[in-house]
Amino acid sequence: MKEWYDAIQNAQSVEKLEEIRVSVFGKKGVLALEFAKMKTATDEEKAQIAKDLNTHKSALTNELMQRKITLQTLELQEAMRASAIDVSLFSSKSQSGALHPVMETMDKIIEYFTAMNFDIKTGPMVENDFYNFEALNLPKYHPARDMQDTFYFKDEMLLRTHTSPVQIRTMMSTKPPIRMIAPGAVFRRDYDITHTPMFHQVEGLLVDEEGIVSFANLKFILENFLKYMFGDVEVRFRPSFFPFTEPSAEVDISCIFCKGCGCRVCSKTGWLEVLGCGIVDPNVFKAVGYKNVSGYAFGLGVERFAMLIHQIGDLRSLFEGDIKLLEQFQ
Ligand code: PHE
């Protein structure tokens, strides 16, 4: 009988164990055969054989049960291991997020100016008339206020129409020299393929002792900046007007789509307008109580840059939260 105990211990599967059970306990099994032998034995022997066989019967039943539990546990463990999800595996379908193209462009602009030692300043989006207009040499009833399509609240409060009020707030709270940029959202009542009621600007202001800051400094930094943003482009300064700078200029880059030959995007001019800038008007310094200083300022629209860099046709599409569109910028 010993061999059957060994066989049970060595069985490697529940299936194999079942085979052994049939061989031992089945109708034609080992035990049945052994019991059959009793027929030819004497009464005395019969009692002994019956006793022995019954002992084996219960011992083997017990062994079978124990081994079955062990094997079932092992098989379950193996099945669990085989079907487990390996969370360390990369899936080709995994989705990753990405920066919105406007924020990505904003980051690149900030990266340039912080590398040039400009500090980042912020200010409120709900402004009052003084910071948004008055201190920027735009007195009440000045016709230039018509240029801004302003959202007004009560009591001369408004949504800032540009980031220039941050210039004023910074100058009124710090002594010169100043070297700052002010990135942020601005608001105008405008809605077409190149305008949305909310968009982003980056303002720049540099102030130092009188006579130190020149238009040449401004030209140098902006030319350098535009080449950083758009690659090898030509840059030109066109005389323009802003109430808070004098002289003022608008800055164009050679069209990045037609390389200056003239196309639909540049309206056949070969140039794309990208910036406003100028030498800070003395009236602005007067409004903030600065004396014997000189400075330059510039302002740009971040969405305009993003549209040009990514060749986006309709600015409004950037603010519709359409995943299909945004996925293309990953
Ligand atoms: N604030 C101007 C605008 O919104 C841009 C600008 C900033 C121009 C600073 C000159 C100097 O159009």
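Here the structure is a predicted model, which is why all the values come from computation and not from measurement. Residue indices begin from 1 for each chain and proceed along its sequence in written order. Confidence filtering applies because this is a predicted model: local features only for residues at pLDDT of at least 70, side-chain atom pairs given and counted only at 80 or more, and all residues used for totals across whole chains, interfaces and linings. Note: side-chain values were computed over all heavy atoms of the structure, leaving out hydrogens and water.

Quick word on the domain arrangement of the protein
Each domain's extent was defined by an automatic or database domain assignment. Along its sequence, the protein is carved into domain 1 (2-83) and domain 2 (101-329). Domain 1 and domain 2 are separated by 90 Å when their C-alpha centres are compared.

Section: helix α7 (residues 164-173)
Across the ten residues of α7, seven count as buried, placing the element largely inside the fold. Throughout, exposure labels follow a simple rule: accessible area from a 1.4 Å probe, protein chains only, divided by the maximum for the residue type, with under 20% read as buried, over 50% as exposed, and the rest as partly exposed. Per the convention used, a helix needs a DSSP run of H or I reaching at least four residues, while a strand needs a run of E reaching at least two, with both numbered from the N terminus. Those residues of α7 lying buried are Ser-164, Pro-165, Val-166, Gln-167, Ile-168, Thr-170 and Met-171. Throughout, a contact is declared for two residues whenever any of their heavy atoms are within 4.5 Å. The secondary structure elements touched by the buried residues of α7 are β2 (126-128), α6 (129-132), β4 (178-187), β5 (198-209), α9 (282-288) and β9 (293-301).

Considering the pairing of β4
For β4, the buried fraction is high: nine of the ten residues fall into the buried class. Pairing of strand β1 (residues 119-120) with β4 involves two bridges; the strand directions are parallel. Each residue of the ladder has a partner; that of Ile-120, found in β4, is Ile-181. At least two DSSP bridges between two strands are required for those strands to pair. Where β4 lies against β5, ten bridges are found, and the strand directions are antiparallel.

Some remarks on the pattern of salt bridges
Oppositely charged side chains may form a pair once their charged atoms are brought near each other. In what follows, salt bridge is the name for a side-chain nitrogen of Lys or Arg lying within 4 Å of a carboxyl oxygen of Asp or Glu. Under the counting rule described, the total for this entry stands at 16 salt bridges. Asp-6 is paired through a salt bridge with Lys-2; the nearest N and O atoms lie 2.9 Å apart. On the criterion of helical spacing, the pair formed by Asp-6 and Lys-2 is a turn pair, its members being four residues apart in helix α1 (residues 2-10). Here Asp-6 falls in the partly exposed class, since its relative accessible area comes to 35%. With relative accessibility at 58%, the residue Lys-2 sits in the exposed group. Among the salt bridges present, the one from Arg-236 reaches Asp-252, with a minimum N-O distance of 2.9 Å. Highlighted residues: Arg-236 in strand β6 (residues 235-242) and Asp-252 in strand β7 (residues 245-254), separated in sequence by 16 residues. The structure contains a network of salt bridges with shared partners spanning Arg-236, Arg-238, Glu-250, Asp-252 and Glu-273.

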